[in-house]
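Close look at the chain arrangement
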Amino acid sequence: MFAAERRQLILEMVRANGAVSLRELARVVQTSEVTVRRDVRALEAEGLLDRRHGGAVLPGGFTRESGFPQKSHLATAEKTAIADLAANLVEEGEAIVVGAGTTTQELARRLARVPGLTVVTNSLLVAQALAHANRVEVVMTGGTLRGSNYALVGSGAEQSLHGLRVSRAFLSGSGLTAERGLSTSNMLSASVDRALVQAAAEVVVLADHTKLGTDTMFQTVPTDLITRLVTDEPPAHDDRAATELQALADQGVQIAVAGGQGGSAGSAGHGGDSVPARQQRRDVPLPGPRRQVPGGGGGLRSTSMLGEQSPGAERARVADLRRR
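Worth saying up front: this structure is predicted, and the values here are computed from it rather than measured.

**Let's talk about the side chain of H209**
- Along the polypeptide, H209 turns up in the loop between β12 (200-206) and β13 (218-221).
- According to the relative accessible area criterion, H209 is buried, its value standing at 4%.

**Some points on the environment of G259**
- Position of G259 relative to the elements: it lies in the loop between β15 (254-258) and β16 (281-284).
- A C-alpha to C-alpha distance of 9.8 Å links G259 and A77, two positions 182 residues apart in sequence.

**Regarding the confidence of the model for the chain**
- Taken over all residues, the pLDDT of the chain has a mean of 78, while the share at 70 or more is 73%.
- Across residues 68-73 the pLDDT falls below 50, and counting only partners more than four positions away or on other chains, this stretch makes 13 contacts in the model.
- A low-confidence stretch, residues 261-311 (pLDDT under 50), is modelled with 127 contacts involving residues beyond four sequence positions or located in other chains.

**Digging into the pairing of β15**
- The buried fraction of β15 amounts to five of the five residues, a majority that puts the element mostly inside the structure.
- A two-sided burial pattern is seen for β15, the buried positions comprising Q254, A256 and A258 on one face and I255 and V257 on the other.
- Taken together, strand β14 (residues 228-232), helix α10 (residues 239-250) and β15 constitute a β-α-β crossover, and its handedness is right-handed.

**As for helix α3 (residues 33-45)**
- Under the 1.5 Å per step criterion, the end-to-end length of α3 is 18 Å for 13 residues, consistent within 8% with the ideal 18 Å.
- Among the residues of α3, T35, V36, R37, D39, V40, A42 and L43 are the ones counted as buried.

**Quick word on the pattern of salt bridges**
- Evaluated as defined, the whole model comprises twelve salt bridges.
- A salt bridge links E202 to R228; the shortest N-O distance between them is 2.2 Å. Of this pair, E202 sits in strand β12 while R228 is found in strand β14, placing the two residues 26 residues apart along the sequence.
- Owing to a relative accessible area of 6%, R228 belongs among the buried residues under this scheme.
- Each of the salt bridges in this network shares a partner with another, and the network as a whole consists of D84, E106, R109 and R110.

**Examining the sheet that holds strand β2 (residues 50-52)**
- An order of β1-β3-β2 is seen for the three strands of this open sheet, with the pairing classed as antiparallel. The open sheet is flanked by β1 (19-21) and β2, the only strands paired with a single partner. The mean angle between the axes of side-by-side strands here comes to 25°, regardless of whether they run parallel or antiparallel.
- In terms of strand pairing, β2 meets strand β3 (residues 55-57) through three bridges, oriented antiparallel. Across the sheet, D50 pairs through a bridge with V57, a residue of β3.
- Where helix α2 (residues 22-29) meets the sheet, its contacts fall on β1 and β3, and the angle it forms with β1 comes to roughly 75°.

**As for the environment of G147**
- Considering the arrangement of structural elements, one finds G147 in the loop between β7 (144-146) and β8 (151-153).
- By relative accessible area, which is 48% here, G147 ends up partly exposed.

**Here's the deal with the sheet that holds β13**
- Taken in spatial order, the three strands make up an open sheet running β10-β11-β13, and their pairing is antiparallel. In this open sheet, the two strands that pair with only one neighbour each are β10 (175-177) and β13. Neighbouring strand axes in the sheet, compared pairwise and without regard to direction, differ in orientation by 40° on average.
- Pairing analysis gives three bridges linking strand β11 (residues 181-184) to β13, with the strands arranged antiparallel. Looking at β13, one finds that T184 is bridged to F218.
- In this fold helix α9 (residues 187-198) packs onto β11 and β13, with an angle of close to 20° to the strand it touches most, β13.

**Quick look at the pairing of strand β4 (residues 95-98)**
- Summarising the sheet, β4 and strand β5 (residues 117-121) pair through four bridges and their orientation is parallel. In the strand pairing of β5, A95 is matched with T118.
- Handedness of the β4-helix α6 (residues 102-111)-β5 crossover: right-handed.
- The sheet contact formed by β4 and strand β9 (residues 166-171) spans three bridges and is parallel. Bridge assignment links V98 to a residue of β9, and that residue is F170.

Conventions and cut-offs
- Residues numbered from 1 in each chain as written.
- Predicted model: local features only at pLDDT ≥ 70, side-chain atom pairs only at ≥ 80, totals over all residues.
- Heavy atoms only, no water.
- Helix = DSSP H or I, 4+ residues; strand = E, 2+ residues; numbered from the N terminus.
- Buried < 20%, exposed > 50% of the residue type's maximum accessible area, 1.4 Å probe, protein only.
- pLDDT = per-residue confidence, 0-100.
- Contact = heavy atoms within 4.5 Å.
- Right-handed = clockwise from strand over helix to strand, strands pointing away.
- Expected span 1.5 Å × (residues − 1).
- Salt bridge = Lys/Arg side-chain N within 4 Å of Asp/Glu carboxyl O.
- Pairing = 2+ DSSP bridges.
- Axes fitted to C-alpha atoms, helices over the stretch in contact; angles between N-to-C directions.

In structure tokens form, the structure reads like this:
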């Protein structure tokens, strides 16, 4: 296939889906991701699409947000791995809040097996995933339905969260940077996400590598309020994602990486369930002393997510991650 034909097909796929991963583009046009990345750069230079880490989206900059059908086809394998790992953080009998998003929807499907769990959510997709879980109680916020992501937003949603207190909030978003934290392209969604954060003792962000280094219009969770980040292994060529992970770790965010190559399987989660053997995790160590968790009732952040590592082993893990 000639370059012009490839680029036309790539453009058609992005226009049809709103967002497409480089892996999927390479599969469809039957070439390497390196070639596809070069094509995407050329199309971006013409203003026909925007590059994102690991994919391409329709142009629109800070204010554009893809709808659910488009998001559900981007980084699907990565979202599944992230959800598998994040589910091990949830204890039996715990009360949590889960925000809207395709990654949090994947998490909700796994939470259906946690007995005695109470889940507060503004997402119809999360509620649907838990609707038939006999031992999980689902509490929906009020609010106005936002059809593009099947979430309840507005003053009704925010007011229903006043006075609520839970152990953890699981949130996703449109972008994540060490400088601004988690962000999204919609003001109403951002406002509800901030209310969810206020209700939780700690905040767990679920974000695949395509969102690392991406900044969008409305900040939802500043970096110093993010307790943990659960993400996937960045591709070897994605130096920017690895650099962003290190910058987040330097600011005190505990990081767990799903699907790492060559690592050992993670140890037991907080609820006592071990991480599946197929699920590899790299925990990025945190430099410096422990920090106070805002609103966390005096709880302290641990300098490692799960288990103890020697200083030398921790430095080796960081160096390995940066090389990737």
